[in-house]
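One letter stands for each residue in the lines below.
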Amino acid sequence: MTGHLSTPRLPRMLLSLLLRGEVLEVVLGDIEEEFAAHVLPLRGARFARGWFWRQALGSARSVLFARRRGRPLPPGRPERRASKRSRGRNVVAGLHHDLRYAYRSLVKHPGVSSLAVVTLALGIGATTSIFSLANTLVFSPIPGVRDMERQAEIVVAEWNENGYRPRWVMPDNYREIMEGLPAWDGIAGYSRPSVHVAGGGATPQRLGAESVMASYFDVLGVVPRAGRLFQGSDDVPGAPPVAVISDRLWTRLFHRTEDLVGITVKLNGVQHAVIGVVPPGFHGTERFGNTDVWFPGSMNAHIHHFPGLTASQSRARYLTEGETDAAERFREADARVFPGLGINDYARERLSQTLRMLMGVVVLVLLIACANVTNLLVFQGIRRQGERAVRRALGASDARVLREQLTESVVLALMGGAVGVLFALGLAKIFEGTAFGGMRAVEHVQLDLRVLAFTVGVSVLVGIVFGTVPALMGIRRGFAAAFKDFSITEARRRPFVRAGFAVLQLAASVTLLVGALLFLGTLRNLNRVDLGFDPDGVTAFYVSPGDQGYSLDQMMAYHTSLLDRVRSLPGVQSASLSEYAPFAYYMVDNVYPAGEPEEAMVEVHKNGVTPGYFRTLGIQLLGGRVFTEGEAFTTGGDYPVVLSEALAARLFGQASALGGELRTRRRYDGSVDSFRVVGVVRNTTLNSLREDDRMMLYWPLSGVRSSLGRAALLVKSQQAPAAVTASVTDVAEALDSSLPLYGVAGLQERVEATLSEEWLFARTLALLAAVAVVLASVGLYGLVAFGVAERTREFGIRVALGADQQRILKLVMRQAGLLALLGVGVGLAGAVGLGRIVEGRLFGVEPVNVIVYVTAALALALVALMASYRPARAATQVDPVAALRYD
Amino acid sequence: MNMFLGEFEQTLLFALLEAGDDAHGVVLRRAIEERTGRAVTAGAVYTALERLTGRGYVSSWLSEPAPERGGRRKKHYRLEPDGALALNRALEQMRRMSEGLDQRLAEAVAQAGGRRGTE
């Protein structure tokens, strides 16, 4: 018999969602059968539908809320066997029951529950925030790229242990290198210049660009948001110049006009037709890329695609199947494969170290939180012993009680996780703006599904851990039995268990405190480093007239008038041009004193500067003179040079360097240039506060022709940075409106930016140490208070026998002091371990540092004293008469 | 051992007694509804029968999938001797308890009915 009117779908689905297995089959079968055979024919469709709804919902309720009565049956009776047999069927119903039980008991003790939730939220929130940072930095997908994990980056470079220097490789070289290698289906080279971009009537800007092979977007699987991307013919020499732009540039310059016909951008002054727009969020192959323009051209790095291979397999494939000619050729070309996209391999190494450290720290906090909550629950459990005894008497099985306990702790942990996510949102803010391992600064730390899944996972795990630990402690007496009875006797019989938790908490606090102090010391030391120059009030700008096609004469004319005009601006004290602004990676060269063998050469950092450079930065002249204005823009002949103090001493020893002659051999043609030393200046830091290599050679800006093409303008002014930036930008625009200034930053900011990771560590550790100390002191307070309450009778007797208050105070405090001492000891041992891990990140601070250790230990001892004093005082106030009656 | 049966359990056992060999959810539910006017859900019937099965009062087996049930299997139940004894015991208790009290109950009901009538 088939019903001509089918049963209503919605209640059927609902029932299927709520019930499982046999229950669903039999119950739904009954309802459907009766619906078709009796209800529908007899009562009509309208009634039948209502009936079906009532049956479905009512059945779900009956099954899920099935009341199991407390049946006082001895084990082994048919009823017990039966309940075991039907366990599988009743899992859903049982879970529901456990949840209700958990809810009821949590609500019954709102104080303890909310304290536990907040504690857990701190631990889980801290962990979540670190994970969300890792997620953002390492796992988040690059928008628009297909199959990211199957992409690989190939770098052809000179390799050494410190890193690599990429080589310029043309597309044809790549094709040769890759020929005959298995399992790749596309190569797509790119290089990353920055270019002047003008278009849509906006002020020209310097933007990140990628010069790419035409196959680039195909290989990455990027599909256009508008227009088309590059085709095979676009990178053929002589093809008309075309460009693809980012979504945000499209918005900024062209207001998202879908019709791209006739739209052009000027890249370094050359007209390019805009043929397409990439999807929003795609800014090149780096995760935090800043590329806004793509054009076909040459390249020095490249990507390719391995269908069906994971990244790690592809690497293994290259390195291990190395016997073929193709693999041989690949290696001989100094090419290496880096699986995956989105983060440079060297950045990855440093980054994962950073993340591991942060993760280690938050796991400590999570441990403290767990220990605290375990103590809380045990304490609460003692208060609930009566309730449990009743439940036992009513026949609740061991497993049942254990399950209820676990459900309760997991529910508690999940609530903590929920609050923790809010906490993580706030905590993640402190990571924003930090540049990790030389990567671009993180703008926004995202909380996505992966992070939420992580939080839920951690919460459940944490719930199981702090729900089970008490049970494990009594394992000799049987798991479930121990759990059930733990609250009643175990806590009293084994006070050292709870004391252990307190010690653990104190120890973790000490470790974190030491870490925070070490990083604060590092920051203090780094801030004390003598820069050798005064960054105060100095703003740096970059300008690249070379990119706009200026001739050498035009560039000199431009620079001269730029300097003149900037110097005449109100408030400007001095201005200069140089190859690099301080805190750059300078060009390295080798020089040797004339008359000595070439082997005596010394590696130096070179910076081409105008004479104003020393005045603008306040670099002190120690002897001789700096360049004259006339020398600054002369070319050829004996270059006058100025040496840093350290370099002068290294090259000429005690003798005066002034008037000395230096030689250098040009790399590309082997000819020898000579320099005459005209001055010696104080040492300055080069590109890091940590390094004390200060071998610096200054020469006239014009000595390096390429430096005229791209130069740094330094302006020292009394005015506010914003005003300086505005007026200098106006000057530049008046000189040549197509030539934008870029890379604008205060020098002080540039210096501080190099410390962003140290600040992050110091802030994170200090914050977490504070959290840990608070948690630990609460834990210790609870422990001592509980101990005192338990020994009320004992204290009463002591007082009755004539013990004075001082004695009792000492008795209690001595025990608390012992715990604190143990905690400090274990914590300092942990600090030695932590110190070993963070050693490389410290500066001027020994990782095992007596002053820091003593400070942390004293701080913790003080906290422990304060936490235990109040309950200890309470012990002295015990009224002997009341205490003897007390039970 | 728990000698007692809940009211609904007794009702179900009677329905089982009536249905005989063809006892399954639909039949039992309809029997209860027709005799008592009480609308019970299939789920409630199932859960109670599972409970009785667990106590050894009822046995059950699953039949082959049936087309009129959307290809789902049907669960059949049979009253076991223990169940019959328990039901008998329950009924006996009820009889003994109510013996000679019919008149009083009637009076009490009349009183309740009268109060309700004045509302």
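The structure displayed is predicted, hence computed values, not measured ones.

(A) Region of the structure containing the overall build of chain A. Of regular secondary structure, chain A possesses 28 helices and 23 strands. Considering chain A as a whole, with its 887 residues, one finds that 52% of them fall into the buried category. Sequence-distant contacts in chain A: of pairs separated by 6 or more residues, those separated by 24 or more amount to 78%. With the model as given, the accessible surface of chain A reaches about 40,500 Å², and the carbon-plus-sulfur share is 58%.

(B) Here's a closer look at the overall build of chain B. Helix and strand content of chain B: 5 helices and 2 strands. Taking all contacts inside chain B whose residues are at least 6 apart in sequence as the whole, residues at least 24 apart take part in 55%. Carbon and sulfur atoms provide 54% of the accessible area of chain B, an area that totals close to 7,000 Å².

(C) Quick look at the interface of chain B and chain A. Counting residues at the interface gives 26 residues for chain B, matched by 30 residues for chain A. Taking both partners together, chain B and chain A bury about 2,600 Å²; carbon and sulfur atoms supply 52% of that area. Here K74 of chain B and E33 of chain A are joined by a salt bridge, their closest N and O atoms 3.9 Å apart. The interface formed by chain B and chain A contains 12 residue pairs in polar contact (both at pLDDT 80 or more). The leading source of residues in the side of chain B that touches chain A is helix α3 (residues 42-54) of chain B, at 8 residues.

(D) Structural view of the confidence of the model for chain B. All names here are of chain B. Averaged over all residues, the pLDDT of chain B is 85; the fraction at 70 or higher stands at 92%. When pLDDT is averaged over each element of chain B, helix α1 (residues 7-19) comes out on top at 91 and helix α5 (residues 102-118) at the bottom at 75. Two summary scores accompany this predicted model of the complex, namely pTM at 0.63 and ipTM at 0.84.

(E) Spotlight on the packing of α1 of chain B against helix α4 (residues 81-98) of chain B. Residues and elements named next belong to chain B. As a packed pair, α1 and α4 sit with axes 10 Å apart at the nearest point and diverge in direction by 125°. One element, α1, and the other, α4, form an angle in the oblique class. In this structure, the crossing between α1 and α4 has a hand that is left-handed. Contacts between α1 and α4 pair Q10, L13, F14 and L17 from the former with G83, L87, A90 and L91 from the latter.

(F) Representation of the pattern of salt bridges in the model. Tallied over the full model, the rule gives 24 salt bridges over all chains. Here R73 of chain B ties to E25 of chain A by a salt bridge, and the two come within 2.8 Å at their closest N and O atoms. On the criterion of chain membership, the pair formed by R73 of chain B in the loop between β1 (58-62) and β2 (75-79) and E25 of chain A in helix α2 (residues 21-64) is interchain, its members lying in two chains. A relative accessible area of 17% places E25 of chain A in the buried class. Here R38 of chain B ties to E7 of chain B by a salt bridge, and the two come within 3.5 Å at their closest N and O atoms. Of the two residues, R38 of chain B sits in the loop between α2 (25-36) and α3 while E7 of chain B sits in helix α1, which places them 31 residues apart along the sequence. We classify E7 of chain B as exposed; its relative accessible area is 56%. Through salt bridges with shared partners, a single network forms among E34 of chain A together with R29, R30, E33 and E34 of chain B.

(G) Representation of the packing of helix α26 (residues 805-838) of chain A against helix α27 (residues 850-876) of chain A. Residues and elements named next belong to chain A. It is at 8 Å that the axes of α26 and α27 come closest, and there the two elements cross at 150°. Regarding the angle of α26 to α27, the classification is roughly antiparallel. Where α26 crosses over α27, the handedness of that crossing is right-handed. Taken together, the residues of α27 that come into contact with α26 (itself represented by Q805, I808, L809, V812, M813, A816, A820, V824, L828, A831 and V832) are Y853, A857, L860, A864, L865, S868, Y869, A872, R873, A875 and T876.

(H) Seen up close, the environment of F519 of chain A. Residue and element names in this part refer to chain A. Mapping F519 onto the fold places it in helix α16 (residues 495-528). Through-space distance from the C-alpha of F519 to that of R763 is 8.8 Å; in sequence the pair is 244 residues apart. If we ignore the near neighbours within four places in the chain, the residues touching F519 are M357, E758, F761, A762, L765, V838, R841 and L842.

(I) Layout of a nonpolar patch on the surface. Residues and elements named next belong to chain A. There is a patch of nonpolar side chains on the surface, built from L14, L17, L18 and L57 and spanning about 340 Å² of accessible area. Ranked by residue count, the leading element in the nonpolar patch is helix α1 (residues 9-18), at 3 residues. Mapped onto the fold, L17 is located in helix α1.

(J) Quick peek at the side chain of T511 of chain A. All names here are of chain A. Counting through the fold element by element, T511 comes out in helix α16. One polar contact links the side chain of T511 to the main-chain carbonyl oxygen of G827, over a distance of 2.9 Å. Sequence-distant contacts of T511, defined by excluding residues within four places in its chain, comprise L364, G827, G830, A831 and L834.

(K) Up close: the pairing of strand β13 (residues 538-543) of chain A. Residues and elements named next belong to chain A. Of all 6 residues in β13, 6 are buried, a share of seventy percent or more. Here β13 shows no split at all, with V538, A540 and Y542 on one side and T539, F541 and V543 on the other all buried. Note that β13 and strand β22 (residues 711-717) share 6 bridges and pair antiparallel. Within the sheet, the bridge partner assigned to Y542 lies in β22 and is A712. Inspection of the sheet shows β13 paired to strand β23 (residues 742-746) by 3 bridges, in the antiparallel sense.

(L) The arrangement of the nonpolar core in detail. Grouped together as the largest cluster of nonpolar side chains are 104 residues, with contacts concentrated most on V514, F614 and Y698 of chain A. Each residue touching F614 of chain A, except ones within four places of it in the same chain, is listed here: V609, I619, V626, F627, V642, V681 and Y698 of chain A. Core analysis: the next-biggest nonpolar cluster, separate from the first, contains 42 residues, I31 of chain A together with L5, A23 and A48 of chain B among them.

(M) Seen up close, the pairing of strand β20 (residues 672-681) of chain A. Residue and element names in this part refer to chain A. Of all 10 residues in β20, 8 are buried, a share of seventy percent or more. Where strand β17 (residues 621-624) lies against β20, 3 bridges are found, and the strand directions are antiparallel. If you follow G624 over to β20, its bridge partner there is G679. With 6 bridges joining them, strand β18 (residues 639-644) and β20 adopt parallel strand pairing. Counted as the bridge partner of V642 is G679 from β20. One ladder, built from 5 bridges, connects strand β19 (residues 661-665) with β20; its direction is antiparallel.

(N) Highlighting the packing of aromatic side chains. Residue and element names in this part refer to chain A. Within the structure shown, the criterion is met by 14 aromatic pairs over all chains. Among the aromatic residues, those joined into a ring-pair cluster are Y216, F217, F230, F282 and W294. Note that R43 overlies the ring of F47, its terminal NZ or CZ placed 4.1 Å from the centroid. Its guanidinium or amino end placed over the ring of F47, R54 lies 5.5 Å from that ring's centre, counting from NZ or CZ.

(O) Just unusual backbone geometry, in detail. All names here are of chain A. Phi at H255 takes a positive value of approximately 50°, unusual for a residue other than glycine. Judged by relative accessible area, H255 falls into the exposed class, the value being 66%. Despite not being glycine, N268 has its phi angle at roughly 50°, a positive value. With respect to the secondary-structure elements, N268 resides in the loop between β8 (264-267) and β9 (270-277).

(P) Local environment of the environment of V824 of chain A. All names here are of chain A. Along the chain, the position of V824 falls in helix α26. Along the sequence, V824 and A857 sit 33 residues apart, while their C-alpha atoms lie 6.0 Å from each other. Filtering out sequence-adjacent residues up to four positions away, V824 remains in contact with V510, A857 and L860.

(Q) View of α1 of chain B. All names here are of chain B. Compared with the 18 Å implied by 1.5 Å per residue over 13 residues, the 19 Å span of α1 between its first and last C-alpha is a close match. Among all positions of α1, only F8, E9, Q10, T11, L12, L13, A15 and L16 are buried. If you follow the buried residues of α1, they end up packed against α2, α3, β1, β2 and α4. Downstream of α1 by one or two residues, G20 has phi in the positive range, about 65°.

The rules behind these values
- Residues numbered from 1 in each chain as written.
- Chains lettered and ligands numbered in written order.
- Predicted model: local features only at pLDDT ≥ 70, side-chain atom pairs only at ≥ 80, totals over all residues.
- Heavy atoms only, no water.
- Helix = DSSP H or I, 4+ residues; strand = E, 2+ residues; numbered from the N terminus.
- Buried < 20%, exposed > 50% of the residue type's maximum accessible area, 1.4 Å probe, protein only.
- Contact = heavy atoms within 4.5 Å.
- Areas by Shrake-Rupley, 256 points an atom, 1.4 Å probe, with all protein chains shown as cover.
- Buried area = accessible area lost by both parts, 1.4 Å probe.
- Salt bridge = Lys/Arg side-chain N within 4 Å of Asp/Glu carboxyl O.
- Polar contact = N/O pair within 3.5 Å; in protein donor to acceptor, adjacent residues only side chain to side chain.
- pLDDT = per-residue confidence, 0-100.
- Axes fitted to C-alpha atoms, helices over the stretch in contact; angles between N-to-C directions.
- Parallel < 35°, antiparallel > 145°, perpendicular 65-115°, else oblique.
- Left-handed = near helix turned anticlockwise from the far one by under 90°.
- Patch = residues over 30% accessible without salt bridge, like charges linked within 9 Å, V, L, I, M, F, W, Y side chains within 5 Å.
- Pairing = 2+ DSSP bridges.
- Core = buried A, V, L, I, M, F, W, Y, C linked by side-chain atoms within 4.5 Å.
- Phe/Tyr/Trp six-rings, centres within 6.5 Å; stacked < 30°, edge-to-face > 60°.
- Lys NZ or Arg CZ within 6 Å of the ring centre and 35° of its normal.
- Expected span 1.5 Å × (residues − 1).

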